[in-house]
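Read off the chains here:
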Amino acid sequence: MNLDQMVDAIEKLQSAKRFKHSLGVKDVAYDLALIYGYDTMKASIAAILHDCAKHLSDDELIGQCNIYNLPVSKYEMQSKFLLHAKVGALYARKLYGVEDEDILDAITYHTTGRPSMTLLEKIIFTADYIEPNRRPIPRLNTIRKEAYFNLDQAVYIILENTLDYLKTTNNVIDEMTIKAYEYYRKLIEASSINS
Ligand code: DGI
Ligand code: FE
Ligand code: FE
């Protein structure tokens, strides 16, 4: 499937609001790819597909993981919506014909992030958070500016914000989110000492 066909398929699949979000992520990911020297087509594909399993219910997500033998962690068991990332990568491969592992990983890690993300993973993780249709989030405009200037710093602030937010809720925090935060905290600290 080419990008235009993916856009059409996602439009049919998603609510108007979520489709607008997907297009927003696509546009921002394109710009970030251009700025940081990444393949804009790969960034656009990862972006338009990143939430391609978000319409599934918790039961459907678990069902897909069982059918396709995807491992479900104890964190994902408690917050089943987290699985839309993993199942999204599976769908990208099975339903949209994506074979590129960089794109599949970017979809897999778009919600929690992970330590030492690839450039595409950081682009999708950040674009998902800052696209223009996101409703106001603390420090959103700071993160938007930072994203076009220092992507690692933007990733770090997003992870910090996400953990701050999750601590105010009763949601379980996936250990991947914490590991990602620790990794980027150390990275940013090291770079500020050296500069
Ligand atoms: O699918 P989107 O809404 O576009 O964005 P997303 O896939 O990044 O999901 C955002 C939500 O994920 C947001 O409410 C914070 C939540 N989240 C991120 N990390 C974790 C988490 N939720 C739990 N329970 N645990 C996490 O570690
Ligand atoms: Fe998502
Ligand atoms: Fe999203």
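These remarks concern the structure in this document. (Residues numbered from 1 in each chain as written. Chains lettered and ligands numbered in written order. Predicted model: local features only at pLDDT ≥ 70, side-chain atom pairs only at ≥ 80, totals over all residues. Heavy atoms only, no water.)

Observations concerning the coordination of the iron ion (ligand 2)
Inference 1: Only D51 (OD), H84 (NE2) and H110 (NE2) from the protein coordinate the iron ion (ligand 2), and they sit 2.1 to 2.2 Å from it.
Inference 2: Expressed as a motif, the donor residue spacing for the iron ion (ligand 2) is D-x32-H-x25-H.
Inference 3: Here the iron ion (ligand 2) and the iron ion (ligand 3) are spaced 3.6 Å apart, and both take D51 as a donor. Of this pair, D51 sits in the loop between α3 (40–49) and α4 (58–67) while H110 is found in the loop between α7 (101–108) and α8 (119–130), placing the two residues 59 residues apart along the sequence.
Inference 4: You can call H110 buried: its relative accessible area is 2%. (Donors = N, O, S within 2.8 Å, 3.2 Å for Na, K, Ca; no water. Helix = DSSP H or I, 4+ residues; strand = E, 2+ residues; numbered from the N terminus. Buried < 20%, exposed > 50% of the residue type's maximum accessible area, 1.4 Å probe, protein only.)

Digging into the coordination of the iron ion (ligand 3)
Inference 1: Around the iron ion (ligand 3), the donor atoms from the protein are H21 (NE2), H50 (NE2), D51 (OD) and D128 (OD), and they sit 2.1 to 2.2 Å away.
Inference 2: In terms of primary sequence, the donors binding the iron ion (ligand 3) are separated according to H-x28-H-D-x76-D.

What about the nonpolar core?
In summary, soluble globular proteins display a tendency toward joint burial of nonpolar side chains.
Inference 1: In terms of nonpolar packing, the biggest core is built from 60 residues, with I48, L49, V87, V98, L120, I123 and I124 touching the most fellow members.
Inference 2: At nine residues, helix α10 (residues 151–167) tops the list of elements feeding residues into this core. (Core = buried A, V, L, I, M, F, W, Y, C linked by side-chain atoms within 4.5 Å.)

Focus on the layout of surface pockets
Inference 1: In this structure, the largest pocket spans a volume of roughly 1,200 Å³.
Inference 2: Along the wall of the largest pocket there are 34 residues; nearest its centre are K54, Y129, R134, R135 and I137.
Inference 3: Contributing elements (two or more residues each) for the lining of the largest pocket: α2 (16–36), α8 and α10.
Inference 4: At six residues, the largest contribution of residues to the lining of the largest pocket is made by α10.
Inference 5: Of the residues assigned to the lining of the largest pocket, the class counts are 13 nonpolar, eleven polar and ten charged.
Inference 6: As a volume, the second largest pocket reaches approximately 250 Å³.
Inference 7: Looking at the lining of the second largest pocket, the elements with two or more residues in it are α5 (74–78), α6 (83–96) and α11 (175–194).
Inference 8: Looking at the lining of the second largest pocket, the element that brings in the most residues is α11, giving three residues.
Inference 9: Here the lining of the second largest pocket is composed, by residue class, of five nonpolar, four polar and five charged. (1 Å grid on protein atoms, 1.4 Å probe; cavity = no way out; pocket = protein on both sides within 12 Å on 5 of 7 lines; lining within 4 Å. Points joined across faces, edges and corners; volume = space filled by probe spheres on them. Nonpolar A, V, L, I, M, F, W, Y, C, P; charged D, E, K, R; others polar.)

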